[in-house]
Protein chains: 2
Amino acid sequence: MPVFLDTQDASFEDAFAALLGAKREDSPDVDAVVADIIADVRARGDAAVLDLTAKFDRLELTAETLRVSADEIDEYCASVSDAEREALETAADRIRAYHARQLPDDHMWTDPEGATLGWRWSAVSAAGLYVPGGLASYPSSVLMNAIPAKVAGVGRLVVTVPTPDGVVNPLVMLACRIAGVDEVYRIGGAQAIAALAYGTQSVAPVDKITGPGNAFVAAAKRRVFGKVGIDMIAGPSEILVIADADNDPDFLALDLMSQAEHDESAQSILITDDAEFGRAVAHAVDERLKTLERRAIAGASWRDYGAVITVRDMAEAARLSDRIAPEHLELCVADPEALSQNVTHAGAIFLGQYTPEAIGDYVGGPNHVLPTARSARFSSGLSVLDFMKRTTLSRMTPEALKAIGPAAETLAKSESLEAHGLSVRARLDRLND
Amino acid sequence: MPVFLDTQDASFEDAFAALLGAKREDSPDVDAVVADIIADVRARGDAAVLDLTAKFDRLELTAETLRVSADEIDEYCASVSDAEREALETAADRIRAYHARQLPDDHMWTDPEGATLGWRWSAVSAAGLYVPGGLASYPSSVLMNAIPAKVAGVGRLVVTVPTPDGVVNPLVMLACRIAGVDEVYRIGGAQAIAALAYGTQSVAPVDKITGPGNAFVAAAKRRVFGKVGIDMIAGPSEILVIADADNDPDFLALDLMSQAEHDESAQSILITDDAEFGRAVAHAVDERLKTLERRAIAGASWRDYGAVITVRDMAEAARLSDRIAPEHLELCVADPEALSQNVTHAGAIFLGQYTPEAIGDYVGGPNHVLPTARSARFSSGLSVLDFMKRTTLSRMTPEALKAIGPAAETLAKSESLEAHGLSVRARLDRLND
């Protein structure tokens, strides 16, 4: 049973705080193991990666077979059905079109003092994308990471994907091909992150690493942060559905279960202004849980972390939503655009009853890599900007330096940075000669 | 003596690689101590912060005196000279004008399938800015962190600044006032980061923490990353000056020393196409090092990490610059704009001989918080975007869902996520009824 809360109950604040504070993930402390793996890869390069792959993935590779060859990728791609290929291509086209609009503009201007100022964006030269193996090896995630990188202009895009016991997901290979990935290596875990960050004889290092992974991968990314850039450390997925009674309870039940089926630690919450409707949705969930393939996972998530919250009105719903700062927010109300204006902290918003969150997972266009665990308070979904960086530019004319240089000199002196001040003063003296 | 390199020497590649790989900072491993401090602040709140402040800053505070009152700030501000106040205001105005141009636009559009897509930016609600105490307590850094936050629209901006033995820098207080900081606490170290991230009885938690600090502060920021957002972990400062012989060697010597005087671990590099000019600059540095107030620091930096590199031509200089990925890059050549087009990885570029890097530290307008230690390969200087996050939006019409829903259903099935597919299918079935 999920929890049923009502904002008019005296106990609501405590119960809501408990819901927000629930620790849904107990990450094992693998930091020491990961530190050793990274040190091993830095010291021994390929040899360490091959040993660790034999150990963890039960797969004997050589320096020559670390990389998946173009011919092998061709073969895997050929094994994919036409329907799946077309669906992936539809998804890729839509993701590309959305992300192309994120390309930022460069700017240069001259201010009243005569200083020319501005900035210029450029792409990261080389990026690595971690793709999990096994059950969580999602071709859609390959598209969601690789396409923004390519739109940004990343010159060299590398994928690492573990293939335990040698099992390859052909759709992942096809997604790499469609997205324009340049190199694919069949390695995973902390050893893959170390190889991407520091390089080995066979894997040239990259500048930025993105993509989801298990606790080992997350700990390794945290450790190499600074040596390379990383994306966020993702937690278990969440959805918040805000709905009035004018909805089909089964639609919303399926939306709630589409998060719950990801992971027993996933969280699905319904907020409604109609308690009876809330019960109807919960009933619809129970019905679906009788037959869903992943009912064990979805049922555990719904039982342990699910919630149905009844509010006085939709303004209150929006306020609760901002406290939750959900990764995914569905607004199934009469005027979802208006309600969305009252929401500030959310990774992605899905407007209206014909926009199930699953559309956003695959083909909507926006990225499905989104901030989890309340981090939508301060971070954004993956975008083209994650694969770019900005260089600021400035040029002083003699007149501009005369106008603003003395203030710089004063501040340098007040910070006891004499050479800073002198570097301005020497030029001003020349100009005043 | 700095190293003198020439790209035409056979040993150049090895020597340049050694220069790039030089480990300039030996951060002590304070992680265990920091973990204990964070746990203590989470468990005991104010009491822990007060105890740790007594211990590390030799300062006895109470919950009532943790915060610097508005009256106290008034008094500190009144003690600042008019010249310094005007210089800070000039700097603040220019920084604000530059950063106001970084405010990103929201976008919404409808695509050919009828899907409405877009994104919306919003500010982080509350941000914390760490300001170091003692010698590195720079009012300019307060402006550079606080102004972008306020331009972004951060509602609550908190500063923590340690005041060892109770010593306060009045200019820091004035900078807080000018930048619109809302709360100032006289606490520092890992305990300040823990208080900002988790909150105490007296300090409400924030969503994002920026600002430089020592090894304890850096380790604490790395640990709270995820619970809150953080900016980069800054390393020692660097400058690369690319100059032809048509420059005053003393100007460039001062520019090189303005980095070197920050820190013995700072790095200053000159690249020139004229070996004789390179020697002239090195000579000018030696002359300045006879009298500079901070000659001990600047001299050590120049001796241990300084370099003068002679190149065949400026195209080669640009290629080397991209391998260095400098925090600060001065282009003192005839056509600096043209040369800048050949440079991809740099935090900030200063164009022409009248744009000393010190201008950018104070009054140019661009941010002086920039990527160090080659991280300009993948990251940018601080900006308004660091205090904002993006929410993606999508709305399907029935027609749009009919057009793209089947592809989502296909991909959901191929990823064995049945509820995802059913959430689309149930709606399509309704529409086809």
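Here is what the cut-offs are and how they apply
Residue positions are given per chain, counting from 1 as you read along its sequence in written order. Chains and ligands are labelled sequentially in the order written, the chains with letters from A and the ligands with numbers from 1. At least 70 in pLDDT is required for a residue's local features to be given in this predicted model, at least 80 for side-chain atom pairs to be given and counted, and no such filter applies to totals for whole chains, interfaces and linings, which use all residues. No hydrogens and no water enter the side-chain calculation; it runs on all heavy atoms of the structure. Contact criterion: two residues are considered in contact whenever any of their non-hydrogen atoms come within 4.5 Å of each other. What gets called buried area is simply the loss in accessible area from a 1.4 Å probe that two parts show on being joined, summed for both. We define a salt bridge as a contact between a side-chain nitrogen of Lys or Arg and a carboxyl oxygen of Asp or Glu at a distance within 4 Å. Whenever two N or O atoms come within 3.5 Å, that pair is a polar contact, provided that in protein one can donate a hydrogen and the other can accept it, and provided that, for residues adjacent in sequence, both atoms are side-chain atoms. The nonpolar class holds Ala, Val, Leu, Ile, Met, Phe, Trp, Tyr, Cys and Pro. Asp, Glu, Lys and Arg form the charged class, and all remaining residues, Gly among them, are polar. A pair of strands is treated as paired once DSSP finds two or more bridges between them. Secondary structure is summarised from DSSP: a helix means a run of H or I of at least four residues, a strand means a run of E of at least two, and numbering begins at the N terminus for each. Any two of the Phe, Tyr and Trp rings considered here, Trp counted by its six-membered ring, make a pair once their centres fall within 6.5 Å; the pair's planes then place it as stacked at under 30 degrees, edge-to-face at over 60, or tilted in between. Buried residues are those whose accessible area, probed at 1.4 Å on protein chains only, stays under 20% of the maximum for their type, while exposed residues exceed 50% and partly exposed ones sit between those limits. The rule for a charge over a ring is simple: NZ of Lys or CZ of Arg within 6 Å of the ring centre, and within 35 degrees of the ring normal. Given the number of residues in a helix, its expected span is that number minus one, multiplied by 1.5 Å. As used here, the arc belongs to the directions running from the helix axis to the C-beta atoms. Least-squares fitting of one copy onto the other uses the C-alpha atoms of those residues that reach a pLDDT of at least 70 in both copies. Note on geometry: axes are lines fitted to C-alpha atoms, helical ones only across the stretch in contact, with angles between N-to-C directions running from 0 to 180 degrees. UniProt positions are given in the numbering used here, feature names are shortened, and annotations may be inferred rather than shown by experiment.

*Asks:* For this particular structure, what's the right way to read the interface of chain B and chain A?
*Replies:* Interface size is commonly expressed as the accessible surface area that is lost when the partners come together. Opposite the 121 residues of chain B that make contact, chain A presents 122 residues. Carbon and sulfur atoms make up 57% of the area that chain B and chain A hide from each other, which totals about 10,500 Å². Looking at the side of chain B facing chain A, the largest losses of area belong to B:Tyr354, B:Phe378 and B:Arg427, adding up to 8% of the total buried there. Linking chain B to chain A there are 12 salt bridges. A salt bridge links A:Asp111 to B:Arg94, with the nearest nitrogen and oxygen atoms 2.8 Å apart. Summed over the shared surface of chain B and chain A, the number is 69 residue pairs in polar contact (both at pLDDT 80 or more). Classifying every residue of the side of chain B that touches chain A by side-chain character gives 58 nonpolar, 34 polar and 29 charged. Direction of pairing for strand β14 (residues 388-395) of chain A relative to strand β13 (residues 348-351) of chain B: parallel, over a ladder of 3 bridges. Paired with A:Ser394 across the strands is B:Phe350, a residue of β13(B).

*Asks:* Mind showing me how you'd approach the packing of aromatic side chains here?
*Replies:* Counted according to the given criterion, the structure contains 9 aromatic pairs over all chains. Measuring from ring centre to ring centre gives 5.7 Å for A:Trp119 and B:Tyr98, while their planes differ by 70 degrees; the resulting arrangement is edge-to-face. Taken together, the positions of A:Trp119 in strand β3 (residues 116-123) and B:Tyr98 in helix α5 (residues 82-100) put the pair across two chains. In this structure A:Trp119 comes out as buried when scored by relative accessible area, which is 5%. Cluster of aromatic residues (ring-pair linked, three or more members): A:Tyr98, B:Trp109 and B:Trp119. The positively charged end of A:Arg101 is found above the aromatic ring belonging to B:Trp109, 4.0 Å away from the centroid.

*Asks:* Help me understand helix α11 (residues 275-289) of chain A, please; the structure alone is not making it clear to me.
*Replies:* A turn of α-helix holds 3.6 residues, and therefore any two residues three or four places apart point the same way. All names here are of chain A. The end-to-end C-alpha distance of α11 is 21 Å, a good match for the 21 Å that 15 residues give at a rise of 1.5 Å each. Residues of α11 that are buried: Phe277, Gly278, Val281, Ala282, Ala284, Val285 and Leu289. Down the axis of α11, the buried set is contained in an arc of 155 degrees. They therefore lie on one face. For α11, the exposed residues lying more than 90 degrees away from the buried face are Glu276 and Arg279. Taken together, the buried residues of α11 touch β1 (3-6), β9 (238-243), α10 (249-260), β10 (267-272), α12 (295-305) and β11 (307-310). The N-cap of α11, judged by a side-chain oxygen 3.0 Å from the amide nitrogen of Glu276 a few residues on, is Asp274.

*Asks:* Looking at this structure, how should I read the relation of the copies chain B and chain A?
*Replies:* Copy one and copy two of the chain differ by a rotation about an axis and a translation along that axis. After a rotation of 180 degrees and a shift along the axis of 0.0 Å, chain B superposes on chain A with an RMSD of 0.0 Å. Both copies of the chain, as the preceding transformation shows, are related through a two-fold rotation axis. By C-alpha distance to the rotation axis, the residue of chain B lying nearest is B:Arg222, at 4.1 Å. In this assembly, 100% of the residues forming the interface of chain B have copies in chain A that are likewise at the interface, indicating an isologous arrangement.

*Asks:* How should the sheet that holds strand β2 (residues 107-110) of chain A be read in this particular structure?
*Replies:* Strand pairing in a sheet takes place through backbone hydrogen bonds and is either antiparallel or parallel in direction. Pairing is mixed in the open sheet, where 9 strands are placed in the order β2(A)-β3(A)-β14(A)-β13(B)-β12(B)-β9(B)-β10(B)-β11(B)-β1(B). Bordering the open sheet on either side are β2 of chain A together with β1 (3-6) of chain B, each of which pairs with just one other strand. For this sheet, the mean inter-axis angle between neighbouring strands, taken without regard to orientation, is 15 degrees. Summarising the sheet, β1(B) and strand β11 (residues 307-310) of chain B pair through 4 bridges and their orientation is parallel. In the strand pairing of β11(B), B:Val3 is matched with B:Ala307. In the packing of helix α12 (residues 295-305) of chain B onto the sheet, contacts are made with β10 (267-272) and β11 of chain B, and the angle to β10(B) comes to roughly 55 degrees.

*Asks:* I tried to follow the UniProt feature "binding site: substrate" (unreviewed entry) in chain A on my own but got confused; where do I start?
*Replies:* The feature "binding site: substrate" (unreviewed entry), as annotated in UniProt, sits at A:Ser237, A:Gln259, A:His262, A:His328, A:Asp361, A:Glu415 and A:His420 in this numbering. On the basis of their most widely separated C-alpha atoms, the annotated residues across 184 residues do not gather in one place, lying as much as 55.6 Å apart. Here A:His262 shows up in the loop between α10 and β10. Each residue touching A:His262, except ones within four places of it in the same chain, is listed here: A:Tyr138, A:Arg294, A:Ile297, A:Asp361, B:Leu417 and B:His420. Mapping A:His420 onto the fold places it in helix α17 (residues 418-432). Contact partners of A:His420, with chain neighbours within four places excluded, come to A:Ala412, B:Ser258, B:Glu261, B:His262, B:Ala358, B:Asp361 and B:Tyr362. At a separation of 3.3 Å, a polar atom in the side chain of A:His420 contacts the main-chain carbonyl oxygen of B:Ser258.

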